[in-house]
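# Structural overview for review
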Amino acid sequence: MPSKPVDPREARAAVEAVLPWLAGDADQPPRPALAAAVRLSLRTLERAAPGRSVEVRVPPFAAVQCVAGPRHTRGTPPNVVETDARTWLELAVGRLGWDEAVADARVTASGSRADLSTVLPVLRF
């Protein structure tokens, strides 16, 4: 179960604030705005795909555990997804497909459960 509830309106507003950057129409947003968009969209993923079998990391902003399956409790998880903030946000809103992100090495995904294609995008605009 996710540790903190997420207000869907707050998540949408945070991500909406960075959409011009994702579209290439604006400079990178200030770090606090980028951090909020990443954290709230990851928490939205956590709610959409509850569980603890996959760890999704977007350094340096946040990491969450999600996807039903065997729970991971210590050490390096067997199922890990890691990417940068821009790639994560593009995936989260559907501007980038999972297969394309993996094929272009914009996402590293290890483990048999580390495929998020069925739960993305988590926000639609």
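Residues numbered from 1 in each chain as written. Predicted model: local features only at pLDDT ≥ 70, side-chain atom pairs only at ≥ 80, totals over all residues. Heavy atoms only, no water.

As annotated in an unreviewed UniProt entry, the protein chain carries the name Sterol carrier family protein and is attributed to Saccharothrix xinjiangensis.

Pairing of strand β1 (residues 54-58) with strand β3 (residues 80-83), which is carried by three bridges, proceeds in the parallel orientation. Within β3, the position partnered with Glu55 by the bridge is Val80. Sheet topology places β3 next to strand β4 (residues 107-110); four bridges connect them, and they run antiparallel. Within β4, the position partnered with Glu82 by the bridge is Thr108. (Pairing = 2+ DSSP bridges. Helix = DSSP H or I, 4+ residues; strand = E, 2+ residues; numbered from the N terminus.)

We now examine the sheet that holds β1. Strand order across the open sheet formed by four strands is β2-β1-β3-β4, with mixed pairing between neighbours. Two strands bound the open sheet, and with one partner strand each, they are β2 (62-66) and β4. Sheet twist, expressed as the average angle between the axes of neighbouring strands with direction ignored, equals 10°. Note that β1 and β2 share five bridges and pair antiparallel. Bridge assignment links Arg57 to a residue of β2, and that residue is Ala63. Sitting on the sheet, helix α3 (residues 31-48) is in contact with β1 and β2, with an inclination near 5° to β2. (Axes fitted to C-alpha atoms, helices over the stretch in contact; angles between N-to-C directions. Contact = heavy atoms within 4.5 Å.)

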